[in-house]
Amino acid sequence: MKKITTQLLLALSFISFYASSNSIVIVANTDQVDLSVQKRHVRDIFMGSSSQYHLKPVILPPNTEARLIFNTKVVGLTESRIQSYWAQMQFGGRKKPPIEFESPDSMLEYVKNNKNTVTYVPAHMEIPQGLTIIYRVD
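Residues numbered from 1 in each chain as written. Predicted model: local features only at pLDDT ≥ 70, side-chain atom pairs only at ≥ 80, totals over all residues. Heavy atoms only, no water.

A few words on the overall build of the chain. Per the secondary structure count, the chain includes 5 helices and 5 strands. In the form shown here, the chain has an accessible surface area of approximately 8,700 Å², with 55% of it arising from carbon and sulfur atoms. (Helix = DSSP H or I, 4+ residues; strand = E, 2+ residues; numbered from the N terminus. Areas by Shrake-Rupley, 256 points an atom, 1.4 Å probe, with all protein chains shown as cover.)

Right, dumping it as structure tokens:
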């Protein structure tokens, strides 16, 4: 009985960890502490299409798990399609892609110190005081 209970607890811990590791939160440095947005608004902000929210996005480099989750579950495009989009926008002189940071920690530090910026990070990360979670991706 004890062995079954231990195995069950380990299985539940694994499931909980796996679920949380595949979750991200969208975090902003904004004066609107109660700001909550819909998925399409998040997509628009990060793809440079939002005029309703004046937030400057920052992102992680390609091939990071959080970026893969964000691209798949929020933007709905593959990395190559997103890169192609930004290449077209830059070539036409219309928009510049978001600034990339090497780690979630450096990205959060930047957002914490710069008003009206927004990013995504793994949901298990501690969010610094003063930042607002505006959307969750499970």
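From this point, things continue past the structure.
The side chains of a regular strand alternate between both faces of the sheet. Counting buried residues along strand S1 (residues 24-29), 6 of its 6 residues qualify, which places the element largely inside the surrounding structure. Residues Ile24, Ile26 and Ala28 of S1 are buried on one face, and the alternating residues Val25, Val27 and Asn29, pointing to the opposite face, are buried as well. Note that S1 and strand S4 (residues 117-122) share 6 bridges and pair antiparallel. Of the residues in S4, the one forming a bridge with isoleucine 24 is proline 122. As paired strands, S1 and strand S5 (residues 132-137) are joined by 5 bridges and run antiparallel to one another. Note on S5: the bridge partner recorded for isoleucine 24 is valine 137. (Buried < 20%, exposed > 50% of the residue type's maximum accessible area, 1.4 Å probe, protein only. Pairing = 2+ DSSP bridges.)

Let us look at the nonpolar core. Core analysis: the biggest nonpolar cluster contains 37 residues, and Ile26, Phe46, Phe70 and Tyr120 have the highest contact counts within it. Listed by contribution, the elements that provide at least two residues to this core are S1, helix H2 (39-46), strand S2 (56-59), helix H3 (65-75), helix H4 (79-91), helix H5 (104-113), S4 and S5. (Core = buried A, V, L, I, M, F, W, Y, C linked by side-chain atoms within 4.5 Å.)

Take the packing of H2 against H3 next. With their axes 9 Å apart at the nearest point, H2 and H3 run at an angle of 125 degrees to one another. Classified by the interaxial angle, the pair formed by H2 and H3 is oblique. Of the residues in H3, those touching H2 at Lys39, Val42, Arg43 and Phe46 are Phe70, Lys73, Val74 and Val75. Its residues placed into classes, the contact of H2 with H3 shows 5 nonpolar, no polar and 3 charged. (Axes fitted to C-alpha atoms, helices over the stretch in contact; angles between N-to-C directions. Parallel < 35°, antiparallel > 145°, perpendicular 65-115°, else oblique. Contact = heavy atoms within 4.5 Å. Nonpolar A, V, L, I, M, F, W, Y, C, P; charged D, E, K, R; others polar.)

Our focus in this paragraph is the environment of lysine 73. By the secondary structure assignment, lysine 73 is in helix H3. For the pair lysine 73 and valine 137, spaced 64 residues apart in sequence, the C-alpha to C-alpha distance is 7.3 Å. The residues touching lysine 73, leaving out its near neighbours within four places in the chain, are Asn22, Lys39, Val137 and Asp138. Here the side chain of lysine 73 touches aspartate 138 through a polar contact of 3.0 Å, landing on its backbone oxygen. (Polar contact = N/O pair within 3.5 Å; in protein donor to acceptor, adjacent residues only side chain to side chain.)

Further remarks concern H5. Met107, Leu108 and Val111 are the residues of H5 that are buried. The buried residues of H5 occupy an angular sector of 100 degrees when projected down its axis, which confines them to one face. In H5, the exposed positions that point more than 90 degrees away from the buried face belong to Asp105 and Asn113. (Arc of directions from axis to C-beta.)

Attention shifts here to unusual backbone geometry. Phi at asparagine 63 takes a positive value of approximately 70 degrees, unusual for a residue other than glycine. As for its placement among the helices and strands, asparagine 63 is situated in the loop between S2 and H3. Even without a glycine there, the phi angle at asparagine 116 is positive, about 60 degrees. With respect to the helices, strands and loops of the structure, asparagine 116 is situated in the loop between H5 and S4. Residue asparagine 116 is classed as partly exposed on the basis of its relative accessible area of 36%.

By secondary structure assignment, the location of threonine 119 is in strand S4. The buried category is assigned to threonine 119, whose relative accessible area is 0%. Only 2.9 Å separates the side chain of threonine 119 from the backbone oxygen of valine 58, close enough to count as a polar contact. Apart from residues lying up to four places away in sequence, threonine 119 is in contact with Val25, Ile26, Val27, Phe46, Val58, Met107, Leu108 and Val111.

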